[in-house]
Amino acid sequence: MRKPFVAGNWKMNTDSHSSISLAEAIASGSSDIAGKSVSVAVFPPFIYLQSVFKALNTSNIAVGAQNFYFEPDGAFTGEISVAMLKDIGCTFALCGHSERRHVIGESDELINKKVTAAISGGVFPVFCVGELLDERKASQTNEVITRQTKNGLAGLIAEKISAVTIAYEPVWAIGTGLTATPQQAQEAHELIRNLLAEMYDARLAEEIRILYGGSVKPNNAAELMRQKDIDGVLVGGASLNADDFLTIIRAAV
Ligand code: PGA
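Cut-offs applied
- Residues numbered from 1 in each chain as written.
- Predicted model: local features only at pLDDT ≥ 70, side-chain atom pairs only at ≥ 80, totals over all residues.
- Heavy atoms only, no water.
- Salt bridge = Lys/Arg side-chain N within 4 Å of Asp/Glu carboxyl O.
- Buried < 20%, exposed > 50% of the residue type's maximum accessible area, 1.4 Å probe, protein only.
- Pairing = 2+ DSSP bridges.
- Helix = DSSP H or I, 4+ residues; strand = E, 2+ residues; numbered from the N terminus.
- Axes fitted to C-alpha atoms, helices over the stretch in contact; angles between N-to-C directions.
- Near = heavy atom within 4 Å.
- Polar contact = N/O pair within 3.5 Å; in protein donor to acceptor, adjacent residues only side chain to side chain.
- Areas by Shrake-Rupley, 256 points an atom, 1.4 Å probe, with all protein chains shown as cover.
- Nonpolar A, V, L, I, M, F, W, Y, C, P; charged D, E, K, R; others polar.
- Right-handed = clockwise from strand over helix to strand, strands pointing away.
- Parallel < 35°, antiparallel > 145°, perpendicular 65-115°, else oblique.
- Left-handed = near helix turned anticlockwise from the far one by under 90°.
- Contact = heavy atoms within 4.5 Å.
- Expected span 1.5 Å × (residues − 1).

1. Remarks on the pattern of salt bridges
The full count for this structure, using the stated rule, is 14 salt bridges. A salt bridge links R100 to E106; the nearest nitrogen and oxygen atoms lie 2.7 Å apart. Among the residues examined, R100 registers a relative accessible area of 23% and is labelled partly exposed. Between D229 and K228 there is a salt bridge, with the nearest N and O atoms lying 3.4 Å from each other. Bridged by salt links that share partners, the residues R2, R193, E206, K228, D229 and D231 form one connected network.

2. As for the sheet that holds strand β3 (residues 61-65)
Pairing within the closed barrel is parallel, and its 8 strands lie in the order β1-β2-β3-β4-β5-β6-β7-β8. Each strand of the sheet is rotated relative to its neighbour by a mean of 25°, with strand direction disregarded. Summarising the sheet, strand β7 (residues 210-213) and strand β8 (residues 232-235) pair through 2 bridges and their orientation is parallel. Bridged to G213 within β8 is L234.

3. Some points on the site of the ligand
Among the 14 residues in the neighbourhood of the ligand, the closest are listed as K11, H97, E169, G175 and S215. In the model, an oxygen atom of the ligand is placed 2.7 Å from a nitrogen or oxygen of the E169 side chain. When the free accessible area of the ligand is taken as 280 Å², the share hidden by the protein chains comes to 97%. The class makeup of the residues in the shell around the ligand is 5 nonpolar, 7 polar and 2 charged.

4. As for the pairing of strand β1 (residues 5-9)
A large share of β1 lies buried, amounting to 5 of its 5 residues. Neither face of β1 is exposed, since F5, A7 and N9 on one face and V6 and G8 on the opposite face are all buried. Bridging between β1 and strand β2 (residues 39-43) involves 5 bridges; their strand directions are parallel. Bridging from a neighbouring strand, F5 pairs with S39 of β2. Handedness of the crossover joining β1 and β2 through helix α1 (residues 16-29) is recorded here as right-handed. With 4 bridges joining them, β1 and β8 adopt parallel strand pairing. Note on β8: the bridge partner recorded for A7 is L234.

5. Observations concerning the packing of helix α7 (residues 141-152) against helix α9 (residues 182-199)
Two elements in contact, α7 and α9, have axes whose closest approach is 10 Å; the angle formed by their N-to-C orientations is 40°. Classified by the interaxial angle, the pair formed by α7 and α9 is oblique. Note on packing geometry: the crossing formed by α7 with α9 is right-handed. Residues N142, I145, T146, T149 and K150 of α7 lie in contact with α9, whose contacting residues are A188, L191, I192, L195, E198 and M199. In terms of residue class, the contact of α7 with α9 is made up of 6 nonpolar, 3 polar and 2 charged.

6. What to know about α1
Here α1 is 14 residues long and its end C-alpha atoms lie 21 Å apart, about the 20 Å a rise of 1.5 Å per residue gives. Check the buried side of α1 and you find it contacts β2, α2 (49-55), β3 and α12 (242-251). At the N-terminal boundary of α1, the capping side chain belongs to D15, with an oxygen 3.0 Å from the backbone nitrogen of H17.

7. Concerning the pairing of strand β5 (residues 124-129)
Here β5 lies mainly inside the structure; 5 of its 6 residues are buried. The sheet contact formed by strand β4 (residues 92-95) and β5 spans 4 bridges and is parallel. The residue bridging A93 from the neighbouring strand is P125, located in β5. Two elements, β5 and strand β6 (residues 165-168), share 4 bridges in a ladder whose sense is parallel. Each bridged residue has a counterpart across the sheet, and for V129 the counterpart in β6 is Y168.

Shown next as structure tokens:
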């Protein structure tokens, strides 16, 4: 049985005060269920990771990073390593988020290096895949998801793959207010689970959590998470409002 997982991606938002107050409000409002019937994680900007980690310290809410570099150390100005994330208490890290793929220009190959480095360094990757609007219109959704999933997980042996959470985030639904219908999302999730069964085995495919992301809000979260292969949600905009995020966390249980 897969425990539901609700993750909040704060992107390039909050400041030194609001990041702490948001973390505290989420922790106090979810203390009866977070870490028990639902896994909860927040992904603040790098610069607030440590203070958010401290603010969440007695809660069961995990902290994740939005990004990192795959090299262990050295002359990589401006970059952050997996070991540094681990050092300050990060449990998770996003890999392959659409804004990094399409705004920053990260390739499948780079994303694969990151997923691999995160697992080796003991940080659980939340590996994102998803098609652009033009790709969906051109009926290329399955092809894009298949390519991104296979390339992103290339070379990872079965013992490593259980460390991965996958997030299906159709790019046309991110930050747009357009959500995939529960049926569209379920179809994509089922495709990903079948791919995992093909690449690894059916038992592993059943264990891996696949989250949906893209304009998840308090009013659509429950129905999305009722779908058979949707094991939780990766929330952007609505995770910046404690009440909205708490409603979404409760919708998971
Ligand atoms: P959104 O972002 O909920 O604001 O659409 C989701 C994401 O990018 O993870």
